[in-house]
Amino acid sequence: GAGVSQSPSNKVTEKGKDVELRCDPISGHTALYWYRQSLGQGLEFLIYFQGNSAPDKSGLPSDRFSAERTGGSVSTLTIQRTQQEDSAVYLCASSLALRTEAFFGQGTRLTVV
Amino acid sequence: EDKVVQSPLSLVVHEGDTVTLNCSYEVTNFRSLLWYKQEKKAPTFLFMLTSSGIEKKSGRLSSILDKKELFSILNITATQTGDSAIYLCALYGGSQGNLIFGKGTKLSVKP
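The text that follows walks through the structure, step by step, so that each part is easy to find. Residues take numbers from 1 onward in each chain, read along the sequence in its written order. For this description, chains carry letters from A and ligands carry numbers from 1, given in the order in which they are written. The predicted origin of the model limits local features to residues at a pLDDT of at least 70 and limits the giving and counting of side-chain atom pairs to 80 or more, whereas totals for whole chains, interfaces and linings rest on all residues. Neither water nor hydrogens contribute to the side-chain values; these are computed over all heavy atoms in the structure.

**Quick notes on the layout of surface pockets**
Inference 1: There is about 550 Å³ of room inside the largest pocket.
Inference 2: Put simply, the grid is 1 Å and covers the protein atoms alone, a cavity is a trapped set of points that fit a 1.4 Å probe, a pocket is an open set with protein on both sides within 12 Å along at least five of seven lines, and lining residues have an atom within 4 Å of a point. Lining the largest pocket are 27 residues, and of these A:Gln37, A:Leu39, A:Gly40, A:Gln41 and B:Ile86 sit closest to its centre.
Inference 3: For helices the rule is a DSSP run of H or I covering at least 4 residues; for strands it is a run of E covering at least 2, with both sets numbered from the N terminus onward. If you list the elements that add at least two residues to the lining of the largest pocket, you get strand 9 (88-95) and strand 11 (108-112) of chain A together with strand 9 (85-92) and strand 11 (105-110) of chain B.
Inference 4: In terms of residues, the lining of the largest pocket owes the most to one element, strand 11 of chain B, which gives four residues.
Inference 5: Amino acid classes used here: Ala, Val, Leu, Ile, Met, Phe, Trp, Tyr, Cys and Pro are nonpolar; Asp, Glu, Lys and Arg are charged; the rest, including Gly, are polar. Looking at side-chain class alone, the lining of the largest pocket contains nine nonpolar, 12 polar and six charged residues.
Inference 6: Each pocket or cavity is described by its volume, and for the second largest pocket that value is around 390 Å³.
Inference 7: In terms of lining, the second largest pocket is formed by 19 residues, of which the most central are A:Leu43, A:Glu44, A:Phe45, B:Ile100 and B:Phe101.
Inference 8: The set of elements that each furnish at least two residues to the lining of the second largest pocket consists of strand 4 (31-37) and strand 5 (44-50) of chain A together with strand 1 (3-7) and strand 10 (99-101) of chain B.
Inference 9: Of the residues contributing to the lining of the second largest pocket, the split by class is seven nonpolar, six polar and six charged. Grid points are joined across faces, edges and corners, and a volume is the space filled by probe spheres set on the points.

This is the structure we're talking about:
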């Protein structure tokens, strides 16, 4: 696609529910990154993929968070049993290869009520 | 521990002013430094710098890297209200492939 596409753009969920966030990277981009940004805070690294594999899962804040990428393209970030502190903007980025220019999607604003 | 420190944290200027934003870093195995502009949700890519002393320029924005002193600057000349945003500095370094971000500089340009 022309750019990184994330869906939904906004999500309101009740505490305790599971949510899935989707990221569709730029076509041909092999690297994909997930970050989250809480209100007024910097970007917190969550996980990155090179192809379908995730060499670094150290940024995932708890075992309620998981991510997968299939076919070297679309990625989903799943948060189980959501908590209010999970409320944030979840940003996805992709790059042609590791350590090249990374381009961000518009983000998903998650609100846990 | 790899880190990226940006200064100032916030800055208020008037249209037409020139501003310089700073980014200093400590990282093992430096690879490249990137600048982004964040207005609403999505950071927009500005520059990627890998070599010292080579200025990158796009319109009124320019940036340069000093790998000896471990910093980069982003200059904006003749600022406009549309330049108001958070400017983020990020690094590829260390043993992993992810970008390490600074906390950003919030620039406000008053008419």
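Here the narrative resumes, following the displayed structure.
**A few points about the interface of chain A and chain B**
Inference 1: The contact criterion used is simple: two residues touch if any of their non-hydrogen atoms lie within 4.5 Å. Each partner contributes residues to the interface: chain A has 23 residues there, and chain B has 18 residues.
Inference 2: Buried area adds together the accessible area that both of two parts lose upon being put together, with accessible area traced by a 1.4 Å probe. Roughly 1800 Å² of surface becomes buried between chain A and chain B when both sides are summed, with 58% attributable to carbon and sulfur atoms.
Inference 3: Ranking the residues of chain A by area buried against chain B places A:Leu43, A:Arg99 and A:Phe104 at the top, with a combined share of 35%.
Inference 4: Think of a salt bridge as a Lys or Arg side-chain nitrogen and an Asp or Glu carboxyl oxygen that are within 4 Å of each other. Here chain A and chain B share zero salt bridges between them.
Inference 5: In protein, a polar contact means a hydrogen-donor-capable atom and an acceptor-capable atom, both N or O and within 3.5 Å, with residues adjacent in sequence counting only if both atoms are side-chain atoms; elsewhere, any N or O pair within 3.5 Å suffices. Counting the contacts that link chain A with chain B gives eight residue pairs in polar contact (both at pLDDT 80 or more).
Inference 6: Counting residues per element, the ones that place at least two in the side of chain A that touches chain B are strand 4, strand 5, strand 6 (53-56), strand 9 and strand 10 (102-104) of chain A.
Inference 7: Classifying every residue of the side of chain A that touches chain B by side-chain character gives 12 nonpolar, seven polar and four charged.

**Brief notes about the packing of aromatic side chains**
Inference 1: Two rings from Phe, Tyr or Trp (for Trp, the six-membered ring) form a pair when their centres sit within 6.5 Å of each other. Planes less than 30 degrees apart are called stacked, planes more than 60 degrees apart edge-to-face, and all others tilted. For the coordinates displayed, the defined rule picks out 11 aromatic pairs over all chains.
Inference 2: Here A:Tyr35 and A:Phe45 contribute two aromatic rings whose centre-to-centre distance is 5.7 Å and whose plane-to-plane angle is 65°, an arrangement assigned as edge-to-face. You can see A:Tyr35 sitting in strand 4 and its partner A:Phe45 sitting in strand 5, a full 10 residues away along the chain. Comparing A:Tyr35 with A:Phe45, the two get one shared label, buried.
Inference 3: Taking 5.9 Å as the distance between ring centres and 45° as the angle between the ring planes, the aromatic pair formed by B:Tyr36 and B:Phe101 counts as tilted. One end of the pair, B:Tyr36, is in strand 4 (residues 32-38); the other, B:Phe101, is in strand 10, and 65 residues separate them in sequence.
Inference 4: When accessible area is computed with a 1.4 Å probe and restricted to protein chains, residues below 20% of their type maximum are described as buried, those above 50% as exposed, and intermediate ones as partly exposed. Relative accessible area serves as the criterion here: at 0%, B:Tyr36 is assigned to the buried category.
Inference 5: Among the residues examined, B:Phe101 registers a relative accessible area of 11% and is labelled buried.

Everything listed here is a matter of geometry and, on its own, says nothing about what the molecule does.
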